[in-house]
Amino acid sequence: MSLSEGVDLLRQGLVTGIAGLMAGGEEDTETTQATFITFNQDTTCVAVGTTSGYSLYTLNSTDALEPVYKSDEPDVYIAERLFSSSLVAVVSNSNARTLRVCHFKKGTEICRYSYGDRVRAVRMNRSRLVVCLEESLYIHNIRDMKVIHTIRDTPPNPSGLISLSCDNTHCYLAYPGHSHTGELQIFDTINLASRVIIPAHEGQLAALQFSPSGTRIATASEKGTVIRVFSTHDGSKLYELRRGLKRTASIYSLSFSPCGSFLACSSNTETIHVFKLDEKLKETAVLAGSPPSDDGWFGYINTMVSASAGYLPSQVTDTLLQGRAFASVHHNQTGTKTLCALAMIRKSLRLLICNEEGFLLMYSLDTEEGGDCSLIKQFKLVESPTFLDQNDFVETTDAPINQGFHAILEVRDLIF
C-alpha cells in the first residue's frame, strides 16, 4: 500500500467515524425530546412524555422535582392525572381511539373505552371526564366512568382545543363553537345544558382556560395580540389584555394563578407575559401594572383617554385602555413551543415554563411590583430531574365501546 493510499484510507476512516458520532448525537437528541408536557388541574403535578414512556413529577419544591411515577409504555401522547390522586387517563398512538383509565400505584387498569375516531384531548375534574374527538365530545360521569352525554357535530377541532373547569360548583366545559370565527361555547356538565355562547374573537380560537373557580374564562385567537377574559355567568367581557401592538403570535397556553388574580400567557415569541387582573382594571380601565389614575403621566393619560372616549375612534380607545403585562420573562427560545403555568410552591407564587426540549424553568414572581421575573432553577424533565446551572439558559359516529370495568369502587375512593 502506497503512502497516498494509506492517507486516503485514514481520511475515509476519520470521516466515517465523525459522521457516526454526529448521527449518534442526533439520535440521542431525538430520544430526549419531549413528545408532550401537561400540568394537572391545580398545577401540583407535571406529566412529561417521550417516545419510550412518560413520567409524573410533583411540584412542591424549588430545590428538586419529586418523581411520582414512571411508565415504559411507548408512544403515549396523553397522560392526564386527576389532581394528586393515583388516577391517570392514558391514550397512545398505537391505539389512538382507545382511552384507558389506570390506577398507577396499583398497576391496574380500571376501565377502557373505544371511540369512532382518534382521541384529541382528555380533561378531568372530580365530577366529570371529557373526551374530545375531532367533531364530537363525550362526557363521562367519573364515579362510574359511564357516558352521560354526547355533544355531536361540533366544528372541526383537530387540535383538541377544550377546557374543563376544575370547580365542582361551576363544572363547565368550553369548546369552539364555529369553524371560522372565535365563537365560544360554554356547556354545563352537571345539568347537561348549554350555559352561554360568547362571541369572543373575530378569528378562530387558539387558547382557552378557566379560572380555578370556573366563574371566568380566558381566550385568545389565532392572531394572538389580544387576550380576553369573560364571565361564565352571562358571557360579559371582564378584561381585555394586550400582548402586543403590531406583532401577531401563536398563543400556546394560558394559565390562571390558584387565586385567580394573575393570568400567564406563552406564545411562539421570546416573551412570557403575566397579567394582573385587578378590580381597578375592570372597573376603571387603568392599565395593568401602571400607576393609579392620580399618579404621574400614566394616570393623566389614562384619565384623558377615559374622558375623551366618546370623541376618539373606538379602535384607538380600545387599544389605549387594554391592560398591559404586569410581569414578564424574556428567553431565547423563539419559535419553540412553550407551556406556562402559575403555581403555589412553598407558599409563593411561581411561574413555570416548559419547552419541547423537555426543560422546566421555575421563576419567581413579585406579586406586588411585577417586572422581570428571576430564574430560580431549571430541570431536564425527560432525563432524571437533575439541577442544571442557570448559565445554561440565556434569558434574553360512533358511541364509545365500554371494554370492561375493573374495580370501579377504586375511582370513588380516589376522588371522594
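A quick note: this is a predicted structure, and the numbers were derived from the prediction, not measured.

Draft legend 1. The arrangement of the side chain of S255 in detail. Counting through the fold element by element, S255 comes out in strand β21 (residues 251–256). Residue S255 is classed as buried on the basis of its relative accessible area, which comes to 8%. Ignoring anything within four residues of it in the chain, the contact list for S255 reads Q209, F262, L263, A264, C340, A341 and L342.

Draft legend 2. View of the confidence of the model for the chain. When pLDDT is averaged along the chain, the result is 83; 74% of the residues meet or exceed 70. This model gives residues 14–31 a pLDDT under 50, and the stretch forms one contact once residues within four places in sequence are excluded. Below pLDDT 50 for its whole length, residues 387–397 participates in 29 contacts with residues either more than four positions away or in separate chains.

Draft legend 3. Local environment of the sheet that holds strand β1 (residues 36–39). The sheet built from four strands is open, its strands ordered β1-β2-β3-β4 with antiparallel pairing. One side of each edge strand has no neighbouring strand; the edge strands of this open sheet are β1 and β4 (66–71). On average, adjacent strands in this sheet sit at an angle of 15° to one another, irrespective of strand direction.

Draft legend 4. Seen up close, the packing of aromatic side chains. With the rule as written, the count across this model stands at four aromatic pairs. Feature note: the residues Y54, Y69 and F104 constitute an aromatic cluster, connected by ring pairs. In this arrangement the basic side chain of R118 is found over the ring face of Y77, its NZ or CZ atom lying 4.3 Å from the centre. Across the ring face of F359, the terminal group of K380 is positioned such that the distance to the ring centre comes to 4.4 Å.

Draft legend 5. Seen up close, the pairing of strand β26 (residues 348–355). Counted residue by residue, β26 has seven buried out of eight residues, so it is predominantly covered. In this sheet, β26 lies alongside strand β25 (residues 338–345) in antiparallel orientation, the contact comprising eight bridges. Each bridged residue has a counterpart across the sheet, and for M344 the counterpart in β26 is L349. Once β25 ends, the chain turns through two residues before running back antiparallel as β26, passing R346 with a positive phi of about 55°.

Draft legend 6. Quick look at the sheet that holds strand β16 (residues 193–201). A sheet is described by the order of its strands in space; here four strands give the open sequence β13-β14-β15-β16, paired in antiparallel fashion. Of all strands in the sheet, those bounded by a partner on one side alone are β13 (163–164) and β16. Across five bridges, strand β14 (residues 172–176) lies against strand β15 (residues 182–188) in antiparallel orientation. Residue pairing in the sheet places A174 in a bridge with I186 of β15.

Draft legend 7. Molecular detail of the nonpolar core. Counting residues in each nonpolar core, the largest one holds 23 residues, and the members touching the most others are L99, Y115, V119, V122, L129, V131 and M145. Those elements giving two or more residues to this core turn out to be β5 (76–81), β6 (87–92), β7 (98–103), β8 (108–114), β9 (121–124) and β10 (128–132).

Draft legend 8. Region of the structure containing the pairing of β10. Burial of β10 is extensive: five of the five residues sit out of reach of the surface. Residues R128, V130 and C132 point to one face of β10 and L129 and V131 to the other, with burial holding for every one of them. Sheet analysis places β9 next to β10, joined by four bridges and oriented antiparallel. Along β10, the bridge assignment pairs V122 with V131. The sheet contact formed by β10 and strand β11 (residues 136–141) spans five bridges and is antiparallel. Within β11, the position partnered with L129 by the bridge is H140. The loop that links β10 with its antiparallel partner β11 comprises three residues.

Draft legend 9. Inspection of the environment of T219 at higher detail. Tracing the backbone shows T219 in strand β18 (residues 216–221). When the C-alpha atoms of T219 and I251 are compared, they prove to be 9.7 Å apart, with 32 residues separating the residues in sequence. In this view, T219 contacts L184, A200, H201, L205, A207, L208, V226, I227, R228, F230 and L254; residues no more than four positions away in its chain are not counted. At 2.7 Å, the side chain of T219 forms a polar contact with the side chain of H201.

Draft legend 10. Region of interest: the environment of G235. Position of G235 relative to the elements: it lies in the loop between β19 (226–231) and β20 (237–242). Judged by its relative accessible area of 17%, G235 falls in the buried class. Setting aside anything within four residues of it in sequence, one finds G235 in contact with V196, I198 and F230.

Draft legend 11. Geometry of unusual backbone geometry. Phi is positive for T43, which is not a glycine, with a value near 55°. A positive phi angle is found at D75, which is not glycine, with a value near 60°. Exposure remark for D75: the relative accessible area of 35% places this residue in the partly exposed category.

Draft legend 12. Representation of the pattern of salt bridges. For the structure shown, the criterion picks out seven salt bridges. The salt bridge partner of D63 is R346, with a shortest N-O separation of 3.0 Å. Taken together, the residues span a long stretch of sequence, with D63 in the loop between β3 (53–58) and β4 and R346 in the loop between β25 and β26 at a distance of 283 residues. Residue R100 pairs with E73 through a salt bridge whose shortest N-O separation is 2.4 Å. Of this pair, R100 sits in strand β7 while E73 sits in the loop between β4 and β5; the two residues are 27 residues apart in sequence, bridging distant segments of the chain. On the basis of relative accessible area, R100 is assigned to the buried category, the value being 13%.

Rules and cut-offs
- Residues numbered from 1 in each chain as written.
- Predicted model: local features only at pLDDT ≥ 70, side-chain atom pairs only at ≥ 80, totals over all residues.
- Heavy atoms only, no water.
- Helix = DSSP H or I, 4+ residues; strand = E, 2+ residues; numbered from the N terminus.
- Buried < 20%, exposed > 50% of the residue type's maximum accessible area, 1.4 Å probe, protein only.
- Contact = heavy atoms within 4.5 Å.
- pLDDT = per-residue confidence, 0-100.
- Pairing = 2+ DSSP bridges.
- Axes fitted to C-alpha atoms, helices over the stretch in contact; angles between N-to-C directions.
- Phe/Tyr/Trp six-rings, centres within 6.5 Å; stacked < 30°, edge-to-face > 60°.
- Lys NZ or Arg CZ within 6 Å of the ring centre and 35° of its normal.
- Core = buried A, V, L, I, M, F, W, Y, C linked by side-chain atoms within 4.5 Å.
- Polar contact = N/O pair within 3.5 Å; in protein donor to acceptor, adjacent residues only side chain to side chain.
- Salt bridge = Lys/Arg side-chain N within 4 Å of Asp/Glu carboxyl O.

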